[in-house]
Amino acid sequence: MDAVRTDEFLARLRPHARRAFENAGELALQWHADEVGPEHLLITLMDDAECAAHRVALHAFADPEVIGDEARALAAGIAISGSARTLPFSTRGVRALRAARARAAARRDGAVEVAHLLLAAFGELDLDLREAFEDAGWNPATIEELLGAGGRADVPPTGALFQFFSDDAKRLLSSAAKLARSSTAPSISAAHLFLAALQANAQLERASGMPASRARIALRGRSADHERVAGGPLELDDSMLGYLNGLPQSSDTLELLARFHGDATAGLAQVLARHKLSRALIERARSAFSDPD
């Protein structure tokens with residue numbers, strides 16, 4: 001994270017709380033967020049079984065995993081929220097999404113369609129998989145024919161990523177997220193997008209020359225993408241700055257948890273309240289729980 005903005009806050013934290021704060025910055029980066037928000041911090045606290053904040057949640061008969069999932073649904077980033085869990089897109093997955101939009105913009109198409117996503121996702125597969133699919137009959141030219149001549153409108157190459165995705169393309173994103181969840185993958189990869197696109201449209205599947213069943217077999221055990229997002233550090237968003245304003249010296253993860261009940265994080269305060277994690281309960285727990293510093 002931006003050292004100019006965070007050094008003062010880091011100096012006020014005890015070691016374990018400092019690691020949670022730093023991990024929040026890394027999480028936001030891996031979620032392709034532009035800034036670090038308090039939601040990212042609550043996620044890291046609930047994911048850390050050793051910290052006092054996590055153990056107090058258990059003491060209150062709350063489920064830290066469920067609290068973390070609710071925070072994920074609110075956190076900034078490129079992700080898909082579902083009834084089971086919110087999943088981010090992987091590095092290659094995001095590249096495929098942006099490549100699909102760029103293709104639609106270059107063709108002056110009216111929206112990003114499933115076909116754009118299929119072609120873009122193929123380009124992010126491992127080289128040996130692409131070669132194997134090409135040998136098996138992969139036919140991008142026919143997919144381009146289905147898209148037509150283009151020139152109907154202008155999809156902007158920048159801005160909100162999903163704004164000009166068609167309804168079918170948005171449904172495909174949800175299908176790709178389900179594929180990722182079913183394989184317990186940590187993120188939605190280009191391979192999940194590719195397979196979901198083939199399964200979404202029988203005409204497109206036939207035109208591609210690649211049966212979804214064959215692609216599914218070839219991608220088995222190879223759909224996850226563990227490439228880390230490069231870049232950073234990220235700056236803190238306004239709500240995070242408000243949340244940290246007045247942070248006392250020697251703050252631990254219980255202090256960080258209690259501060260979510262402040263005005264700057266009203267949405268997260270509601271999450272904690274639903275799980276009976278009141279500020280008063282957290283304060284009473286200070287004598288019994290501490291971080292492993």
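In this text the structure is predicted, and so the values were computed from the model without any measurement. (Residues numbered from 1 in each chain as written. Predicted model: local features only at pLDDT ≥ 70, side-chain atom pairs only at ≥ 80, totals over all residues. Heavy atoms only, no water.)

**Q** Quick rundown of the pattern of salt bridges? Include the residues and the values.
**A** Throughout the structure, instances matching the rule amount to 20 salt bridges. Two residues, Arg12 and Glu8, come together in a salt bridge whose shortest N-O distance is 2.1 Å. On the accessibility criterion, Glu8 (48% relative accessible area) is partly exposed. Among the salt bridges present, the one from Arg103 reaches Glu144, with a minimum N-O distance of 2.5 Å. One end of the pair, Arg103, is in helix α6 (residues 91-107); the other, Glu144, is in helix α9 (residues 140-147), and 41 residues separate them in sequence. Residue classification places Glu144 among the partly exposed positions, given a relative accessible area of 25%. Residues joined by salt bridges that share partners form a network here, namely Arg92, Arg95, Glu124, Asp126, Asp128, Arg222 and Glu227. (Salt bridge = Lys/Arg side-chain N within 4 Å of Asp/Glu carboxyl O. Buried < 20%, exposed > 50% of the residue type's maximum accessible area, 1.4 Å probe, protein only. Helix = DSSP H or I, 4+ residues; strand = E, 2+ residues; numbered from the N terminus.)

**Q** With reference to specific residues and values, describe the side chain of Ser208.
**A** Along the chain, Ser208 falls in helix α12 (residues 202-208). Ser208 gets classed as buried once you look at its relative accessible area, which sits at 0%. At 2.7 Å, the side chain of Ser208 forms a polar contact with the backbone oxygen of Glu205. Within the structure, the side chain of Ser208 is placed 3.1 Å from the backbone nitrogen of Met210, a separation counted as a polar contact. In contact with Ser208, other than residues within four places in its own chain, are Leu118, Gly137, Trp138, Asn139, Ile143 and Leu198. (Polar contact = N/O pair within 3.5 Å; in protein donor to acceptor, adjacent residues only side chain to side chain. Contact = heavy atoms within 4.5 Å.)

**Q** Account for helix α11 (residues 190-200), naming residues and giving values.
**A** Where burial is concerned, most of α11 is hidden: nine out of the eleven residues are buried. Within α11 the residues assigned to the buried category are Ala190, Ala191, His192, Leu193, Phe194, Leu195, Ala196, Ala197 and Leu198. Buried positions along α11 lie against α6, α7 (114-123), α8 (127-136), α10 (167-182), α12 and α13 (212-219). Here α11 starts with a cap whose side-chain oxygen sits 3.3 Å from the backbone nitrogen of Ala191, and that cap is Ser189.

**Q** Tell me about the side chain of Thr253, and name the residues and values.
**A** Tracing the sequence through the fold places Thr253 in helix α15 (residues 253-258). A relative accessible area of 0% means that Thr253 is categorised as buried. A polar contact of 2.6 Å, which involves the side chain of Thr253, links it to the side chain of Asp291. Every residue in contact with Thr253, bar those within four places of it in the chain, is listed here: His16, Ala17, Leu45, Cys51, Ala52, Ala53 and Asp291.

**Q** I'd love a proper account of the packing of aromatic side chains, names of residues and values included.
**A** Under the criterion given, the structure shown has seven aromatic pairs. For the pair Phe89 and Phe162, a centre-to-centre distance of 6.1 Å together with 50 degrees between the ring planes defines the contact as tilted. Highlighted residues: Phe89 in the loop between β3 (87-88) and α6 and Phe162 in the loop between α9 and α10, separated in sequence by 73 residues. The exposure class of Phe89 is buried, given its relative accessible area of 1%. You can call Phe162 partly exposed: its relative accessible area is 24%. Their ring planes at 10 degrees and their centres at 5.6 Å tell us that Phe133 and Phe194 sit as a pair that is stacked. With Phe133 in helix α8 and Phe194 in helix α11, the pair connects residues that are 61 residues apart, well separated along the chain. Feature note: the residues Phe122, Phe133, Trp138 and Phe194 constitute an aromatic cluster, connected by ring pairs. (Phe/Tyr/Trp six-rings, centres within 6.5 Å; stacked < 30°, edge-to-face > 60°.)

**Q** Outline α13, listing residues and values.
**A** If you check which residues of α13 are buried, you get Ala212, Ala215 and Leu219. Around the axis of α13, the buried residues are gathered within 60 degrees of arc, so they sit on the same side. Residues of α13 that are buried in the fold lie against α8, α11 and α12. Positive backbone phi, approximately 80 degrees, marks Gly221, located one or two places after α13. (Arc of directions from axis to C-beta.)

**Q** Please set out the environment of Val114 residue by residue, giving values where relevant.
**A** The topology assignment puts Val114 in helix α7. By relative accessible area, which is 10% here, Val114 ends up buried. Each C-alpha atom, one on Val114 and one on Arg171, is 9.3 Å from the other, the two residues being 57 residues apart in sequence. Contact partners of Val114, with chain neighbours within four places excluded, come to Asp168, Ala169, Leu172, Ala197 and Leu204.

**Q** A description of unusual backbone geometry should follow, citing residues and the corresponding values.
**A** One non-glycine residue, His32, lies in positive phi territory at about 65 degrees. Along the chain, His32 turns up in the loop between α2 (15-30) and β1 (35-36).

So far we have only geometry, and geometry alone does not tell us how the molecule works.
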